[in-house]
Amino acid sequence: MNRHFSAALAELYKERFGYCPENVTELPAGGSHRIYYRLSGRGLQPAVGVAGTDVAENRAFIYLAERLKAASVCVPELYAVSDDSLFYLQEDLGDVQLFGELNKPDGRNWVAEAVSELPRLQTAPGIDWTKPFLQKSFCLRQALWDLNYFKYCFLKGAGVEFDEDRLEDDFLRFAGVLTEYPDSLSGLMYRDCQSRNVMIHNGRCYWIDFQGARPGCVLYDLASFLWQAKARFSPEFRREMTNLYLAELGRLREFDTQQARRLLGGFVFFRTLQVLGAYGFRGLTEHKAHFITSIPAALSNLAALLDRGAARDYPELERCCRALCSGRYAMEPEASDALCVEVISFSFKKGYPEDLSGNGGGFMFDCRALHNPGRYDEYKPLTGRDEPVIRFLEERGETQPFLRHAWELTDPAVERYLNRGFTHLQIGFGCTGGRHRSVYSAERTAAHLREKFGGKVAVRLVHREHGIEEFFPAD
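Presented here is a report on the structure given in the accompanying data block. All values derive from a computational prediction rather than experimental measurement.

Scanning the model with the defined rule gives 24 salt bridges in all. Between Glu465 and Lys350 there is a salt bridge whose closest N-O contact spans 3.9 Å. Here the residue Glu465 occupies a position in the loop between β13 (457-463) and β14 (468-472), and Lys350 occupies one in the loop between β10 (339-347) and β11 (363-366), the gap between them amounting to 115 residues. What makes Glu465 partly exposed here is its relative accessible area of 22%. Among the ionic pairs, Arg368 bridges to Asp366, the shortest N-O distance being 2.8 Å. Connected via shared salt-bridge partners are Arg34, Glu57 and Asp209.

The following block contains the structure:
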């Protein structure tokens, strides 16, 4: 925990409430660079403290929170703001996100409440969009930024080849369609309107993290909310919620419903591409696990949109998207609540394997003390998966005690991770070339885990230097 941040927030709390909090606890990190803390104590007013180094972003949230609260929109109440706007205290809305309630009996009711309240947030009066710290209106330039975000942060990283000129022509046509909407559909564009940004508190849905809001087409938010990749709403439910949203918006202003429905399809496609760009940057570049595990679901959404003709007017973009939907990221198994043990073989010459889970722990074992089959010509072209190499290693009697001692360390960790509800553990075996000893050890360890723990754990076996991945799901 950053002591400077926690101390600054504790002092702000004391100034506001007249006494010091007993506990200042850092909350789990999200997708932003802001750091959140819970300030509490027995009999004390609970609060959430925010430390953010982007002053303009902080001021945007503070201003919008005040304006939305004045319009009776359910957003957290602000308690205090530091003079430099680097720190602020807000109402503690608890820990219940709408996202975590989606598959529970009342989940769809909560979604309906959020959807019906969204138009009131988007049409809230009294917001002065000329404030220098607020975002500018959504326009052609911003649409092109998001489309290029998708191109550079996901499409190129996925290895899809494309004709740059033709793709940019498609982007320009698409951006023009997105920014030609009537004033009747203009309002507050939330920009990150999704179930992770809705808290359930005291029987109501509360909106959070709206500092990126700007003037724009309100349909963008409906697309963001109902087509959130991991929410997995059915087409029938999306249609039902779209009808509910349009009816509620119709109570607040007049607009052409049919035109709104036509425009919505374009924003669904656009939002899906923008989200993939974010997943590429936050996940594949910054290695944040939540974003990585969301990629297959987002590509599933994209495939369904392509089948409905969402990209028919943009041939090069459509070709690229279809290539993505048949590529490796679409094929990866999705994350679940089961523990997944990732067993990796690698070469020390090429460095330790990356931990894409964000967990940052696990075990790395050095196999280089074992006799190396790679010294002998007959074994050089083979790997630790081949029978001659397996016999060589096992007949010398070195590998069995080595692996037995390794498993004496890893098995209790697997047991504890299961009991504590953890979802990822990495076990690596390295040798000089990542070809014989490490491959054999990883193979045997994956088999051992499947035998010992049965279907309680999923096992992902990765031979990094050979591009081999196998996945054995939990029951």
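Time to look at the packing of aromatic side chains. Throughout the structure, instances matching the rule amount to 28 aromatic pairs. Between Tyr190 and Phe210 the ring centres are 6.4 Å apart and the planes differ by 90°, which places this aromatic pair in the edge-to-face class. Separated by 20 residues along the polypeptide, Tyr190 in the loop between β6 (186-189) and β7 (198-201) and Phe210 in the loop between β8 (204-207) and β9 (214-217) bring together distant segments of the chain. Here Tyr190 and Phe210 have matching classes, each one buried. Aromatic pair Phe363 and Phe365: ring centres 6.1 Å apart, planes at 5°, arrangement stacked. When its relative accessible area of 22% is taken as the criterion, Phe363 is described as partly exposed. Of the aromatic side chains, those joined through ring pairs into one cluster are Phe138, Phe174, Tyr220, Phe267, Phe269, Phe270 and Tyr314. Cation over ring: Arg108 sits above Phe237, and NZ or CZ is 4.7 Å from the ring centre. The residue whose ring lies beneath Arg368 is Phe348, and the NZ or CZ to ring-centre distance is 3.9 Å.

Looking now at the pairing of strand β4 (residues 78-81). Taken residue by residue, a regular strand's side chains alternate between the two faces of the sheet. Taken together, the three bridges between β4 and strand β5 (residues 87-91) define a ladder with antiparallel strand orientation. Opposite Ala80, over in β5, you have Leu89 as the bridge partner. Counting the residues that bridge the hairpin from β4 to β5 gives five residues, and of these Ser85 lies at a positive phi of roughly 65°.

The next point concerns the packing of helix α13 (residues 387-395) against helix α15 (residues 437-453). α15 packs onto α13 with a crossing angle of 85° between their chain directions and a minimal axis gap of 11 Å. What the angle tells us is that α13 and α15 run roughly perpendicular. Every residue of α15 that contacts α13 at Ile390, Leu393 and Glu394 is listed here: Arg437, Tyr440 and Arg444. Of the residues belonging to the contact of α13 with α15, the class tally is three nonpolar, no polar and three charged.

It is at 12 Å that the axes of helix α8 (residues 235-252) and helix α9 (residues 257-285) come closest, and there the two elements cross at 135°. The orientation of α8 relative to α9 falls into the category oblique. As for the relative orientation of α8 and α9, their crossing is right-handed in sense. For the pair formed by α8 and α9, the contact residues are Thr242, Asn243 and Leu246 on the first element and Thr257, Ala260, Arg261 and Leu264 on the second. Considered class by class, the residues forming the contact of α8 with α9 number three nonpolar, three polar and one charged.

This next bit is on the sheet that holds β11. The five strands are arranged β11-β12-β10-β13-β14 in an open sheet whose pairing can be described as mixed. Each of the sheet's edge strands pairs with one partner strand only, and the pair in question is β11 and β14. Strand-to-strand, the axes of this sheet are offset by a mean angle of 15°, without reference to chain direction. Across five bridges, the pairing between β13 and β14 is antiparallel. Pairing of Val462 across the sheet is with Glu469, part of β14. Helix-sheet contacts for α15 involve β10, β12 (424-431), β13 and β14, and the interaxial angle to β13 is about 170°.

This part covers the environment of Leu249. Assignment of secondary structure puts Leu249 in helix α8. Sequence separation of Leu249 and Arg232 is 17 residues, and the distance between their C-alpha atoms is 24 Å. With residues near it in sequence (within four places) discarded, Leu249 still touches Pro119, Thr123, Leu185, Val218 and Phe255.

Right, let's talk about the sheet that holds strand β1 (residues 23-26) for a bit. Strand order in the open sheet formed by five strands is β1-β2-β3-β5-β4, with antiparallel pairing between adjacent strands. Only two strands of the sheet have a single neighbouring strand rather than two, namely β1 and β4. Ignoring which end each strand starts from, the neighbouring axes of this sheet average 25° apart.

The next subject is a negative patch on the surface. Taken together, the side chains of Glu11, Glu15, Asp83 and Asp84 define an acidic patch exposed on the protein surface. With respect to the secondary-structure elements, Asp83 resides in the loop between β4 and β5. Residue classification places Asp83 among the exposed positions, given a relative accessible area of 83%.

Turning our attention to the nonpolar core. Phe150, Trp207, Phe225, Phe269 and Leu317 are the most contacted members of the largest nonpolar core, which has 94 residues in total. A total of eleven residues in this core trace back to one element, the largest contributor, which is α9. Of all hydrophobic cores here, the second largest spans 28 residues; its members include Val343, Leu370, Ala413 and Cys431.

Turning to helix α7 (residues 219-226), a few remarks are in order. The element α7 is largely enclosed, with a buried count of eight among its eight residues. If you check which residues of α7 are buried, you get Leu219, Tyr220, Asp221, Leu222, Ala223, Ser224, Phe225 and Leu226.

Before going further, it helps to examine unusual backbone geometry. For Ser72, which is not glycine, the phi torsion reads 65° and is therefore positive. Structurally, Ser72 is set in the loop between α2 (55-70) and β4. Note on Ser72: relative accessible area 51%, which makes it exposed. One non-glycine residue, Asn202, adopts positive backbone phi at about 50°. Take Asn202: it is sitting in the loop between β7 and β8. Owing to a relative accessible area of 67%, Asn202 belongs among the exposed residues under this scheme.

The rules behind each value
Residues numbered from 1 in each chain as written. Predicted model: local features only at pLDDT ≥ 70, side-chain atom pairs only at ≥ 80, totals over all residues. Heavy atoms only, no water. Salt bridge = Lys/Arg side-chain N within 4 Å of Asp/Glu carboxyl O. Helix = DSSP H or I, 4+ residues; strand = E, 2+ residues; numbered from the N terminus. Buried < 20%, exposed > 50% of the residue type's maximum accessible area, 1.4 Å probe, protein only. Phe/Tyr/Trp six-rings, centres within 6.5 Å; stacked < 30°, edge-to-face > 60°. Lys NZ or Arg CZ within 6 Å of the ring centre and 35° of its normal. Pairing = 2+ DSSP bridges. Axes fitted to C-alpha atoms, helices over the stretch in contact; angles between N-to-C directions. Parallel < 35°, antiparallel > 145°, perpendicular 65-115°, else oblique. Contact = heavy atoms within 4.5 Å. Nonpolar A, V, L, I, M, F, W, Y, C, P; charged D, E, K, R; others polar. Left-handed = near helix turned anticlockwise from the far one by under 90°. Patch = residues over 30% accessible without salt bridge, like charges linked within 9 Å, V, L, I, M, F, W, Y side chains within 5 Å. Areas by Shrake-Rupley, 256 points an atom, 1.4 Å probe, with all protein chains shown as cover. Lys, Arg positive; Asp, Glu negative; His and termini not counted. Charge placed at Lys NZ, Arg CZ, Asp CG, Glu CD. Core = buried A, V, L, I, M, F, W, Y, C linked by side-chain atoms within 4.5 Å.

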